[in-house]
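Fold and contact review
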Amino acid sequence: MACNCFEKISNDLDQRFREAVKENCVEVVESEFENHGFVIAKGDWSPIYLKYIFRYRKAKKNGSPEVRCTNLENSVFMSYCPFCGTKFEGEDGKNAEIQATFK
Ligand SMILES: [Zn+2]
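Residues numbered from 1 in each chain as written. Predicted model: local features only at pLDDT ≥ 70, side-chain atom pairs only at ≥ 80, totals over all residues. Heavy atoms only, no water.

1. Quick look at the overall build of the protein
When helices and strands are counted, the protein shows 1 helix and 3 strands. Reading the secondary structure of the protein in the N-to-C direction produces α-β-β-β. For the protein, with 103 residues in total, the buried portion stands at 18%. Across the protein, every contact between residues at least 6 apart in sequence was considered, and the portion connecting residues at least 24 apart equals 53%. Carbon and sulfur atoms make up 52% of the accessible area of the protein, which amounts to about 8200 Å² in all. (Helix = DSSP H or I, 4+ residues; strand = E, 2+ residues; numbered from the N terminus. Buried < 20%, exposed > 50% of the residue type's maximum accessible area, 1.4 Å probe, protein only. Contact = heavy atoms within 4.5 Å. Areas by Shrake-Rupley, 256 points an atom, 1.4 Å probe, with all protein chains shown as cover.)

2. As for the confidence of the model for the protein
Mean pLDDT over the protein: 85, with 84% of residues reaching 70 or higher. Taking the mean pLDDT of every element in the protein, the minimum, 47, falls on strand β3 (residues 99–100) and the maximum, 96, on helix α1 (residues 5–21). For the stretch residues 96–103, pLDDT sits under 50, and the model shows 26 contacts to residues farther than four places along the chain or on other chains. (pLDDT = per-residue confidence, 0-100.)

3. As for the pattern of salt bridges
As enumerated under the stated definition, the model contains 4 salt bridges in all. Here Glu-19 and Lys-22 are joined by a salt bridge, their closest N and O atoms 2.7 Å apart. Taking relative accessible area as the criterion, Glu-19 reaches 48% and is therefore assigned partly exposed. (Salt bridge = Lys/Arg side-chain N within 4 Å of Asp/Glu carboxyl O.)

Structure below.
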């Protein structure tokens, strides 16, 4: 990994939350950043992706908008660490700029 920012900050936040709730916490069920990406390719990738959401209303046959929204989304991996600016080199040194759809 290009840097250890995500691991370092995750550990720091986990410790702080555990300390804050230690009086009445029986079990920690989840403690992590949201939007963990899973890249099969070897190499250096951001462990977190940004989710872009596009919500819209389709038109009914009479042209009026549907009540419910239709959601589309796409996930984008970051090319640089948002904490220290180190570039993620991706597979075999290729640019890590990729887009992947998670659903
Ligand atoms: Zn970093």
